[in-house]
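Per-entry structural report
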2 protein chains.
Amino acid sequence: MTTKQDCDVLDQEDPLRELKLQFDLPVGTIYLDGNSLGVLPRATLGRVQEVIQKEWGQDLIKSWNSAGWIDLPGRIGDKIARLVGARPGELIVADSTSLNLYKVLSAALRIAKEDGPTRKLIVSERSNFPTDLYIAQSLAEQHGLRLHLVDGVDEIPAALNSELAVLMLTEVNYRTGYRHDMKTVTAAAHAAGALVIWDLAHSAGAVPVDLNGADADFAVGCGYKYLNGGPGAPAFVWAHPKHAERFWQPLSGWLGHAAPFQFTPDYQPAAGIKRYICGTPALLSLAALECGVDTVLAAEAIGGMAALRKKSIALTELFIELAESRCASLGVRLASPRDELQRGSQVCLSLDEPLHEAGYAVIQALIARGVIGDFRAGDPARLKDMPHILRFGFTPLYIGFADVYDAVEHLVQVLKNKEWQRPEFNEKGAVT
Amino acid sequence: MTTKQDCDVLDQEDPLRELKLQFDLPVGTIYLDGNSLGVLPRATLGRVQEVIQKEWGQDLIKSWNSAGWIDLPGRIGDKIARLVGARPGELIVADSTSLNLYKVLSAALRIAKEDGPTRKLIVSERSNFPTDLYIAQSLAEQHGLRLHLVDGVDEIPAALNSELAVLMLTEVNYRTGYRHDMKTVTAAAHAAGALVIWDLAHSAGAVPVDLNGADADFAVGCGYKYLNGGPGAPAFVWAHPKHAERFWQPLSGWLGHAAPFQFTPDYQPAAGIKRYICGTPALLSLAALECGVDTVLAAEAIGGMAALRKKSIALTELFIELAESRCASLGVRLASPRDELQRGSQVCLSLDEPLHEAGYAVIQALIARGVIGDFRAGDPARLKDMPHILRFGFTPLYIGFADVYDAVEHLVQVLKNKEWQRPEFNEKGAVT
């Protein structure tokens, strides 16, 4: 079994170890929730101060030109593009993931309608992140289509048929960490005549993505998870160049216009992906996002996303090894795919009976010890398929092997000492 | 004619003069562009630093609870509500003005369809801010409706007929500063069986607004103009309580769900206005917005919006008096309503021939002298009705009477010395 000393050696030999110095991590904390909210880069405060004091405070309105505010959505988009297999000018930062989903699903449905008017289905997974499903519900209702939710990955092939208009998947599942094979799934959907939208919320900055290589149709993603853009950071949106100019997207705001500062009454969409911008971007949050993206790009000189992925797999493999060898007898069970190819940068555990309902309290007890993971409730109607889970994200930029060892040690202590029984850990008032 | 000495006395006697101390204004600048981007409040930097360093950097994900992030859209919404005649819980901060327009116009069209399926028209003004028209174009196309644009306020009464579904107006016109009589126009539209949406982008924090008193149906507004929320600050949205719960709005993101952290696959809208939230808000920009709104609320102890309006009228009247008496012979003409009741907190000027085309260069020459206004091009096809304009916003929170005097003095010098003829002022590269 891997020892703490082994972990220290792994950390010393880690070619990515210097990347951690980019962050202000809270002392005494092992932060395994970067898949919910990434940590604070050291560069962010200074950059946001500069935007506030100089660009806004002193230069005011002229910063749209002099500080390049108007170009920020594209400039940051080009940086994110390098992480997800997109080319310069193909990807833009705008709004939230939910809103970008609305844009791309609207566009995909319109293409599907023109190319195959008999196709009446949108397919996704019941375990997809809810906002994806809520947006799909809204558009299905508006367009007289049906949203079909599959309960497992094995049901997807049967759903790829002549009725399918759009397949909408999150590449790495927010709950289980299950990772789809983007290229294979996309090809299968295309073979069935359907379009595919990929949500990269748990992919961008965590696993290598190759949107053009997979011939994907549309993609959206989140700025505040593995990209470390800060709470509620703006999201991003990509459209395959063959689709980008085919239609307006319906959220036709003034900054997506071909010439926004001519203030003409008729909408003329900007060329390419820029038409997916809508209103004025939240500049302070946008500036912070760029600092976060830069922390991931800093890995480019030492192996890039491939090196980050290699370390991510090593971290999650180690966590699984230690959790299973040390905690299986305490009622802990792996709830993420064991195959590293099918797993993102997170690992979920579930608790066997009689501990199953203690999951929330176990996470609270871990948090009290400085190990930050999170709890996601299962489906009460089908807990066997969708159990309560303890969710742990492993961000290779700032998590080390000794952190993984220590996290499991804390979990052992919480379970052995039954710390989760303390009343304060069982008060469910929290929102996250 | 009012002298500089008179202006100094007016400033000394101004009961609102202390409010200026809330801001870090750039030295040597007279900023008459707060109707485009409000200035930086002194409190903002410290507050955003706190959000970055403590709430994000140290407390990370738990700040959704401990720092009240989850409640911010409603908390700031309740503050803005006090400025626009809305009650607590009726108004929420979310997304951009463009996106909020999409939400409320979608809802209004759905109500109109149920209540009067033969109504096929959306009416607005051709001179409305373009994003309003672009969003209306998009929704008109989706719903098989027609967008009818009137060319002048006098054409509105004829448009209030049995075909009208929704009248969508910006209370204070972004170009001319023309201010509609919200209560009268709303009543007339209601008498015709139509709904009314008000865009308060140039109203909130600038003129007293009474949404409930006017019996308006929906409203949206901007956070980065008179509310001083910072570049691209989140916007706000209000729905009359009788409408708020009637439908989903189509941008049904997870944070508008009744129980977002239960992560259920079916969308159930939150009660009331909270369903108009969509995705995760841009927290840094949201925190800055609150500081901006607080600068306006600081006037509540010394007369509130009524006192701000009184000063705003005095400032714009003074500007008109001085500009007409000193610059009329130099080719300057008032392009905003002369009647103070029909005017927001801005004044526009146009230039007679042969100077008309020099408007852009005149603004650049004024900027070089430290007087920040902006230029808005006219409609080349009908310059008589819609001329090029020099646009000046007067924010009573931080503009004084001596500032107005000095601004006109600079305009006199620019015109007398023909400074606008300098080549550098004629290079049109700017975006704003």
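What counts as what
Residues numbered from 1 in each chain as written. Chains lettered and ligands numbered in written order. Predicted model: local features only at pLDDT ≥ 70, side-chain atom pairs only at ≥ 80, totals over all residues. Heavy atoms only, no water. UniProt positions renumbered as here; feature names shortened; annotations may be inferred. Contact = heavy atoms within 4.5 Å. Buried area = accessible area lost by both parts, 1.4 Å probe. Salt bridge = Lys/Arg side-chain N within 4 Å of Asp/Glu carboxyl O. Helix = DSSP H or I, 4+ residues; strand = E, 2+ residues; numbered from the N terminus. Nonpolar A, V, L, I, M, F, W, Y, C, P; charged D, E, K, R; others polar. 1 Å grid on protein atoms, 1.4 Å probe; cavity = no way out; pocket = protein on both sides within 12 Å on 5 of 7 lines; lining within 4 Å. Points joined across faces, edges and corners; volume = space filled by probe spheres on them. Expected span 1.5 Å × (residues − 1). Buried < 20%, exposed > 50% of the residue type's maximum accessible area, 1.4 Å probe, protein only. Least-squares fit on C-alpha atoms with pLDDT ≥ 70 in both. Pairing = 2+ DSSP bridges. Right-handed = clockwise from strand over helix to strand, strands pointing away. Domains from an automatic or database assignment. Polar contact = N/O pair within 3.5 Å; in protein donor to acceptor, adjacent residues only side chain to side chain. Axes fitted to C-alpha atoms, helices over the stretch in contact; angles between N-to-C directions. Phe/Tyr/Trp six-rings, centres within 6.5 Å; stacked < 30°, edge-to-face > 60°. Core = buried A, V, L, I, M, F, W, Y, C linked by side-chain atoms within 4.5 Å.

For chain A, an unreviewed UniProt entry supplies the name Kynureninase and the organism Roseateles oligotrophus. Word for word, the UniProt comment on chain A under Subunit (unreviewed entry) is "Homodimer."

**Some points on the interface of chain A and chain B**
Across the contact, 78 residues belong to chain A and 78 residues belong to chain B. Between chain A and chain B, roughly 6,700 Å² of surface is buried when both sides are summed, and carbon and sulfur atoms account for 69% of that area. Per-residue buried area on chain A facing chain B is highest for Trp56(A), Tyr134(A) and Phe263(A); these three make up 12% of the total on that side. Across the pair Glu141(B) and Arg110(A) runs a salt bridge whose closest N-O atoms are separated by 3.6 Å. Counting residues per element, the ones that place at least two in the side of chain A that touches chain B are α2 (42-58), α3 (63-66), α5 (97-115), α6 (130-143) and α10 (283-297) of chain A. Partitioned by chemical class, the residues of the side of chain A that touches chain B number 43 nonpolar, 27 polar and 8 charged.

**With respect to the layout of surface pockets**
As a volume, the largest pocket reaches approximately 1,100 Å³. Forming the boundary of the largest pocket are 44 residues, of which Gln142(A), His143(A), Glu141(B), Gln142(B) and His143(B) lie nearest the centre. For the lining of the largest pocket, the secondary-structure elements that each account for two or more residues are α5 and α6 of chain A together with α5 (97-115) and α6 (130-143) of chain B.

**Regarding α10(A)**
Given a rise of 1.5 Å per residue, 15 residues ought to cover 21 Å, and the 21 Å separating the end C-alpha atoms of α10(A) matches this to within 8%. Most of α10(A) sits out of view: 14 of its 15 residues are buried.

**A look at the relation of the copies chain A and chain B**
Superposing chain A onto chain B takes a rotation of 180 degrees combined with a translation of 0.0 Å along the rotation axis, leaving an RMSD of 0.0 Å. One copy is carried onto the other by what is essentially a two-fold rotation axis. Interface overlap between copies: 100% of the residues of chain A at the interface are likewise at the interface in chain B, consistent with a symmetric, same-surface contact.

**Thoughts on the pairing of strand β4 (residues 146-150) of chain A**
All names here are of chain A. One ladder, built from 5 bridges, connects strand β3 (residues 121-125) with β4; its direction is parallel. Within the sheet, the bridge partner assigned to Ile122 lies in β4 and is Leu147. As a crossover connection, the stretch from β3 through α6 into β4 is right-handed.

**Quick look at the UniProt feature "binding site: pyridoxal 5'-phosphate" (unreviewed entry) in chain A**
Residues given the UniProt feature "binding site: pyridoxal 5'-phosphate" (unreviewed entry) here are Thr97(A), Ser98(A), Phe129(A), Pro130(A), Thr131(A), Asp132(A), Thr170(A), Asp199(A), His202(A), Tyr224(A), Trp254(A) and Thr280(A). Spanning 184 residues, the named residues are also spread out in space, since their farthest C-alpha pair is 30.1 Å apart. Cross-referencing the annotated residues with the second largest cavity identifies Trp254(A) and Thr280(A) as lining it. Turning to its location among the elements, Thr131(A) is positioned in helix α6. For Thr131(A), a relative accessible area of 3% corresponds to the buried category. Not counting the four nearest positions on each side in its chain, Thr131(A) is found in contact with Ser98(A), Leu101(A), Gly253(B) and Trp254(B). As for its position among the elements, His202(A) is in the loop between β6 (195-199) and β7 (218-221).

**A short note on α6(A)**
At 3.6 residues per turn, the α-helix brings residues three or four places apart onto the same side. All names here are of chain A. With 14 residues, α6 should reach 20 Å at 1.5 Å per residue; the first-to-last C-alpha distance of 20 Å fits that figure. Summarising burial for α6: 11 of the 14 residues are buried, a large majority. Residues of α6 that are buried: Pro130, Thr131, Asp132, Leu133, Tyr134, Ile135, Ala136, Gln137, Ser138, Leu139 and Ala140. Looking at the buried residues of α6, the elements they touch are α5, β3, β4, β5 (164-170) and β6. Positive phi appears at Gly144, one or two residues downstream of α6, with a value of about 65 degrees.

**Thoughts on the domain arrangement of chain A**
All names here are of chain A. Domains assigned within chain A are domain 1 (4-31 + 304-426) and domain 2 (47-299). Placing a centre on the C-alpha atoms of domain 1 and another on those of domain 2 gives a separation of 29 Å. With 29 residues of domain 1 at the interface, the matching set in domain 2 holds 23 residues. With both chains or domains summed, domain 1 and domain 2 bury close to 2,200 Å², and 57% of this area falls on carbon and sulfur atoms. Of all residues in domain 1, Met305, Arg309 and Gln346 bury the most surface against domain 2, accounting for 24% of the area lost on that side. Between the two partners, domain 1 and domain 2, sit 1 salt bridge. For the salt bridge of Arg382 with Asp151, the shortest nitrogen-to-oxygen distance reads 3.6 Å. Linking domain 1 with domain 2 are 10 residue pairs in polar contact (both at pLDDT 80 or more), by the criterion used here. Counting only elements with at least two residues in the side of domain 1 that touches domain 2, the list comes to α11 (304-327), β10 (346-351) and β13 (389-393).

**Some thoughts on the sheet that holds strand β7 (residues 218-221) of chain B**
All names here are of chain B. Pairing is mixed in the open sheet, where 7 strands are placed in the order β2-β8-β7-β6-β5-β3-β4. Across the chains shown, the open sheet's two edge strands, defined by having one partner strand only, are β2 (91-93) and β4 (146-150). Across the sheet, the mean angle from the axis of one strand to that of its neighbour is 20 degrees, orientation sign disregarded. Sheet strands in contact with α6 are β3 (121-125), β4, β5 (164-170) and β6 (195-199), and its direction is about 150 degrees off that of β4.

**Remarks on the packing of aromatic side chains**
To describe a pair of aromatic rings, one takes the distance between the centres and the angle between the planes. For the structure shown, the criterion picks out 29 aromatic pairs over all chains. Centroid distance Trp254(A) to Phe263(A): 6.1 Å. Interplanar angle 20 degrees. Geometry classified as stacked. Owing to a relative accessible area of 11%, Trp254(A) belongs among the buried residues under this scheme. The buried category is assigned to Phe263(A), whose relative accessible area is 12%. Put simply, the rings of Phe129(A), Tyr174(A), Trp254(B), Phe261(B) and Phe263(B) touch in pairs and so form one group of aromatic residues.

**Some details on the sheet that holds β10(A)**
All names here are of chain A. Overall, antiparallel pairing links the 4 strands, which are arranged β9-β10-β13-β12 in an open sheet. Two strands in the sheet have a free side with no partner beyond their single neighbour: β9 (332-334) and β12 (374-376). Pairs of neighbouring strands in the sheet enclose a mean axial angle of 35 degrees, with direction left out of account. Direction of pairing for β10 relative to β13: antiparallel, over a ladder of 4 bridges. In the strand pairing of β13, Cys348 is matched with Arg391. The strands that helix α12 (residues 359-368) touches are β10, β12 and β13; relative to β13, the one it contacts most, it runs at about 35 degrees.

**Quick notes on the UniProt feature "modified residue: N6-(pyridoxal phosphate)lysine" (unreviewed entry) in chain A**
Residue and element names in this part refer to chain A. According to UniProt, the "modified residue: N6-(pyridoxal phosphate)lysine" (unreviewed entry) feature falls on Lys225. Within the element layout of this structure, Lys225 appears in the loop between β7 and β8 (236-239). Classification of Lys225 by relative accessible area gives buried; the value is 12%.

**A word on empty space enclosed by the protein**
Under the criterion given, the structure shown has 3 cavities of 30 Å³ or more. Put simply, the second largest cavity is a space of about 380 Å³. Taken together, 32 residues make up the lining of the second largest cavity; nearest its centre are Trp254(A), Thr280(A), Phe129(B), Tyr224(B) and Lys225(B). At the level of secondary structure, the elements contributing two or more residues to the lining of the second largest cavity comprise α5 and α6 of chain B.

**Some remarks on the pairing of β7(A)**
Residue and element names in this part refer to chain A. Here β7 shows a buried face lined by Phe218 and Val220 and a second buried face lined by Ala219 and Gly221. Strand direction decides the pairing type here: β7 and β8, joined by 4 bridges, are antiparallel. Note that in β8 the partner of Gly221 across the bridge is Phe236.

**Section: the environment of Phe218(A)**
Residues and elements named next belong to chain A. Looking at where Phe218 falls in the secondary structure, it is placed in strand β7. Exposure remark for Phe218: the relative accessible area of 0% places this residue in the buried category. C-alpha of Phe218 to C-alpha of Ser124: the two residues are 94 residues apart in sequence and 15 Å apart in space. Not counting residues within four places of it along the chain, the set of residues in contact with Phe218 comprises Val104, Ala107, Ala108, Ile111, Val196, Ile197, Trp198, Trp238, Ala239, His243 and Tyr276.

**Observations concerning the nonpolar core**
In terms of nonpolar packing, the biggest core is built from 232 residues, with Leu349(A), Val362(A), Leu349(B) and Val362(B) touching the most fellow members. With 83 residues, the next largest nonpolar core counts Leu139(A), Leu251(A), Val104(B) and Leu195(B) among its residues.

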